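The chain contents come next:
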Protein chains: 2
Amino acid sequence: MRCDVVAVGTELLLGQIIDSNSAWLGEQLAAAGIDSLQQVKVGDNQARIVAALRSRLAEADAVIVCGGLGPTHDDITREAIAEVMGVELEFHPEIADVIAKMFAGRGRTMSDNNLRQAMVPKGASIIEQKRGTAPGLVCPVGDKVVYAVPGVPWELYEMFERTILPDLRARSGDTSAIASRVLRTWGESESGLNEKLQGIIDELDGIGNPTLAFLASGWEGIKVRLTAKAATRAEVDSLLDAWESRVRAVVGEFVFGVNDDTMETVVLDMLRTRGLTIGVAESVTGGLVAGRLTATPGASDVVRGGVVAYASDVKFELLNVTPGPVVNEETARTMANEIRRVVGADVGLALTGVAGPAEQDGRKVGTLCMAIAFPDGSVETGTVMLPGERKMMRELSVISSLNFLRHALLRRRA
Amino acid sequence: MRCDVVAVGTELLLGQIIDSNSAWLGEQLAAAGIDSLQQVKVGDNQARIVAALRSRLAEADAVIVCGGLGPTHDDITREAIAEVMGVELEFHPEIADVIAKMFAGRGRTMSDNNLRQAMVPKGASIIEQKRGTAPGLVCPVGDKVVYAVPGVPWELYEMFERTILPDLRARSGDTSAIASRVLRTWGESESGLNEKLQGIIDELDGIGNPTLAFLASGWEGIKVRLTAKAATRAEVDSLLDAWESRVRAVVGEFVFGVNDDTMETVVLDMLRTRGLTIGVAESVTGGLVAGRLTATPGASDVVRGGVVAYASDVKFELLNVTPGPVVNEETARTMANEIRRVVGADVGLALTGVAGPAEQDGRKVGTLCMAIAFPDGSVETGTVMLPGERKMMRELSVISSLNFLRHALLRRRA
């Protein structure tokens, strides 16, 4: 089964928006065992959309076209698909009713151009709209199919999962269940994980099910994705369970979470379980650690706050660091102890380091010193060397310090 | 002149990397008056790369192919281009020498597969490599041309600007100068800017030179880009000067910078010029304002540090806020005054607001209260309503508060 993608929108070609929809679709299709071998961007031009659809239909079994379903005059995906199907567009009053009710429900007046979204190529069926005003379309073309979805990501995601993926799988005649499990890791490079898991990868290459893939995701860590296929969902889950155990047996120390877990939700949950609040003292990251912890709704029951001690004498005066060089574990230790007192937190996390461009205190760019102070007075400290220029070094400092905290909390069971 | 783009890499189709190169190229090409009407992603498969190149060459005058020039066995862009040109690959010892010297210079051993990067289709010329090991290629195909560049963005950008763009413009026979100027704005929506500038846009549509485009860029603000063309660079600059003045006359209050300026560099420069240091007291943004100010190298001469007062009683205890509701200008005022004292800064910037998901203190999600305290004891406060879910509200709070500071500093001339 092969499903190519056509992303429609002049703004994509002009670089005003980066097309991330086709990458997302490619990832989902690959996880479902469906090939996506060419993905195309075209502008809001009917002849070129038609040509792109015909060219993709000539090679693939199915095509997903994203965008151009809105109400304005340059939204012409419906017209282009009708031309490819060799049919007319029909007005569907029941779709118009739904759109009118959506506007009424938001207390807004519906302008007439919204009725364009109720036009459907004859012979096509609709994918009911749940998040936006435009419905999606399922458009048979001979024994192949074109799916049309809005370019708005959360509308597209929902329609893909609810209708397109099940339809593609039904067309492929594949009645098996398929699912993925993502192990979230930090602390080892992609090539390092690859090397450690080589035995398992070779074994899986031989069996072919589950498959294993790595996805490096910046300061979200490196994802190890297992995708399994079996007759029933229960069998899929038991396959995933078995191979997750195998993978964890080798690289478990680097796995901080599963699927939608993030480093900050994991750490916040661990603190919450242990009844601990936290304060953060930051220098090199300038507030990004606290910023990330508080990105999670509900962080306020755990996060007391923090101090950004960017200038050295703020460290000396507010956090009682001894005047002198500040990129070292001793400074981090004092900062971690003091932030507990300053914001009234149980646990203190502190970071000091060198993001560059120049060295500081004789320490190289990329140096990160961390400390964690606990209610019993004990303090753990550590130093790591991080790669990358200023922005990357600071971002990797955030996930590295939270992972350092995670390990320290693991050693102190809830 | 039309130049399409082919991005090569199976990882792009699998969604492991989002193709931002073709969007960047589209933006540069559009600014140079060159159409890019179809952009394609294909995997590391020679037959499909060849088919994509042929299909693009059938429609466009030129094609830029990104990626697949590296040393590994799945880097096959060179082979695919040679097939399209109908020629053999030739080994160029002088390229191999350059690569060998690069490895030696970094104290690393060069593995033999790096020599693949010295293979060049017969009849092609090279774009000397300045940032990576692989050279780019200029490959004539009849009266058309294929440019090959590495997929690594900073290698691609440099080769495009140094060689490809001048070559495209020479081929187009266009000897005029062309340049863009970007006005960075904040404080008005894209549709609001559009409406205010409608007269100028209509006038420019009539003349056709310069062109004007909007680029909404999240918490980087909304960019207004003028692109002009004339016989000489001096004439281009004078056109841009004239129309920049026209645009500023209408929406100047929203323009915070030009071209590579960012809100944080602008604000840091204004503080530096006035000899002022700053401290930041944050609640809703949890450290992101300080994080962004310190993203700029050299911020340490201006940024003293800050306090993240996330829990209300940290505001009460550390920043002397009167216990009670905390989302109001009075709380922001106290926080701004106190942060000056706590971190020893000349200027205090404070933010308190509601990022959601729930209301707080009877204030709606999206409420942002700000205050700025000055050395003379005066304080300015303000409240804005921001759109978006939690993440967007927090990010827009960062740029909104820095812009609030910018306006306050403007009123106090250096």
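Preceding this section is the structure that the text describes.
Notes on the structure in this doc start here. (Residues numbered from 1 in each chain as written. Chains lettered and ligands numbered in written order. Predicted model: local features only at pLDDT ≥ 70, side-chain atom pairs only at ≥ 80, totals over all residues. Heavy atoms only, no water.)

Glancing now at the overall build of chain A. Looking only at helices and strands, chain A has 14 helices and 17 strands in total. Looking at chain A alone, contacts between residues at least 24 apart form 68% of all its contacts between residues at least 6 apart. Entry remark: accessible area of chain A is about 16,300 Å², with carbon and sulfur atoms responsible for 51%. Side-chain charges in chain A split into 43 positive and 54 negative, and the spacing between the mean points of these groups amounts to 3 Å. (Helix = DSSP H or I, 4+ residues; strand = E, 2+ residues; numbered from the N terminus. Contact = heavy atoms within 4.5 Å. Areas by Shrake-Rupley, 256 points an atom, 1.4 Å probe, with all protein chains shown as cover. Lys, Arg positive; Asp, Glu negative; His and termini not counted. Charge placed at Lys NZ, Arg CZ, Asp CG, Glu CD.)

This next bit is on the pairing of strand β3 (residues 62-66) of chain B. All names here are of chain B. Within β3, five of the five residues are buried, leaving the element largely enclosed by the surrounding structure. Side chains of β3 alternate between two faces, with Ala-62, Ile-64 and Cys-66 and Val-63 and Val-65 buried alike. Relative to β3, strand β1 (residues 3-8) is paired through five bridges, and the arrangement is parallel. Counterpart to Val-5 in the pairing with β3 is Ile-64. Where β3 meets strand β8 (residues 144-149), five bridges bridge the pair, whose relative direction is parallel. Across the sheet, residue Ile-64 finds its bridge partner in β8, namely Tyr-147. (Buried < 20%, exposed > 50% of the residue type's maximum accessible area, 1.4 Å probe, protein only. Pairing = 2+ DSSP bridges.)

Here the focus is the environment of B:Phe91. Residues and elements named next belong to chain B. Mapped onto the elements of the fold, Phe-91 is located in strand β4 (residues 89-91). Separated by 30 residues in the primary sequence, Phe-91 and Pro-121 have C-alpha atoms spaced 8.9 Å apart. Sequence-distant contacts of Phe-91, defined by excluding residues within four places in its chain, comprise Ala-96, Leu-115, Ala-118 and Met-119.

To continue, consider the relation of the copies chain A and chain B. Once chain A has been moved 0.0 Å along the axis and rotated by 180°, it coincides with chain B to within an RMSD of 0.1 Å. Overall, the copies show the geometry of a two-fold rotation axis. Most of the interface of chain A is mirrored in chain B: 100% of its interface residues are interface residues there too. (Least-squares fit on C-alpha atoms with pLDDT ≥ 70 in both.)

Our next topic: the packing of helix α12 (residues 312-319) of chain B against helix α13 (residues 329-343) of chain B. Residue and element names in this part refer to chain B. The interhelical angle for the contact between α12 and α13, taken along N-to-C directions, is 50°, at an axis separation of 10 Å. With respect to each other, α12 and α13 are oriented oblique. In this structure, α12 meets α13 at a crossing whose hand is left-handed. Note on element contacts: α13 touches α12 through Thr-331, Thr-334, Met-335, Glu-338, Ile-339, Arg-341 and Val-342, opposite Lys-315, Leu-318 and Leu-319. (Axes fitted to C-alpha atoms, helices over the stretch in contact; angles between N-to-C directions. Parallel < 35°, antiparallel > 145°, perpendicular 65-115°, else oblique. Left-handed = near helix turned anticlockwise from the far one by under 90°.)

Residues and elements named next belong to chain A. Here helix α9 (residues 233-251) spans 26 Å end to end across 19 residues, near enough to the 27 Å set by a 1.5 Å rise per residue. Every buried residue belonging to α9 is among Val-236, Leu-240, Trp-243, Glu-244, Val-247 and Val-251, and all of these are buried. Angular distribution of buried residues about the axis of α9 spans 115°; they occupy a single face of the element. Along α9, exposed side chains directed more than 90 degrees from the buried face belong to Ala-234 and Ala-249. Among the structural elements, β9 (177-185), α7 (190-196), α8 (198-207), β10 (211-216), β11 (222-230) and β12 (255-258) are those in contact with the buried residues of α9. (Expected span 1.5 Å × (residues − 1). Arc of directions from axis to C-beta.)

So, about the interface of chain A and chain B. Contacts between the two partners involve 57 residues from chain A and, on the opposite side, 57 residues from chain B. Overall, the association of chain A and chain B removes approximately 4,300 Å² of surface from exposure, summing both partners, and the carbon and sulfur fraction of that is 56%. At the junction of chain A with chain B, the criterion picks out two salt bridges. Across the contact surface, chain A and chain B share 22 residue pairs in polar contact (both at pLDDT 80 or more). Taken together, the residues that form the side of chain A that touches chain B break down as 30 nonpolar, 18 polar and nine charged. Inspection of the sheet shows strand β2 (residues 38-42) of chain A paired to strand β2 (residues 38-42) of chain B by five bridges, in the antiparallel sense. Counterpart to A:Gln38 in the pairing with β2(B) is B:Val42. (Buried area = accessible area lost by both parts, 1.4 Å probe. Salt bridge = Lys/Arg side-chain N within 4 Å of Asp/Glu carboxyl O. Polar contact = N/O pair within 3.5 Å; in protein donor to acceptor, adjacent residues only side chain to side chain. Nonpolar A, V, L, I, M, F, W, Y, C, P; charged D, E, K, R; others polar.)

Glancing now at the nonpolar core. Core analysis: the largest hydrophobic core is formed by 60 residues, its most contacted members being A:Leu53, A:Val146 and B:Leu53. Excluding its chain neighbours within four sequence positions, the residues that come into contact with A:Leu53 are A:Val6, A:Val63, A:Val65, A:Ile81, A:Val84 and A:Val146. In terms of nonpolar packing, the next biggest core, distinct from the first, is built from 43 residues, B:Ala309, B:Val326, B:Met335 and B:Ala336 among them. (Core = buried A, V, L, I, M, F, W, Y, C linked by side-chain atoms within 4.5 Å.)

What follows concerns the packing of helix α8 (residues 198-207) of chain B against helix α9 (residues 233-251) of chain B. All names here are of chain B. Where α8 meets α9, the axes come as close as 11 Å, and the angle between the chain directions of the two elements is 160°. Taken together, the axis directions place α8 and α9 in an arrangement best described as roughly antiparallel. The segment α8 lies against α9, with Ile-200, Glu-203, Leu-204 and Ile-207 engaging Trp-243, Arg-246, Val-247 and Val-250. Of the residues belonging to the contact of α8 with α9, the class tally is six nonpolar, no polar and two charged.

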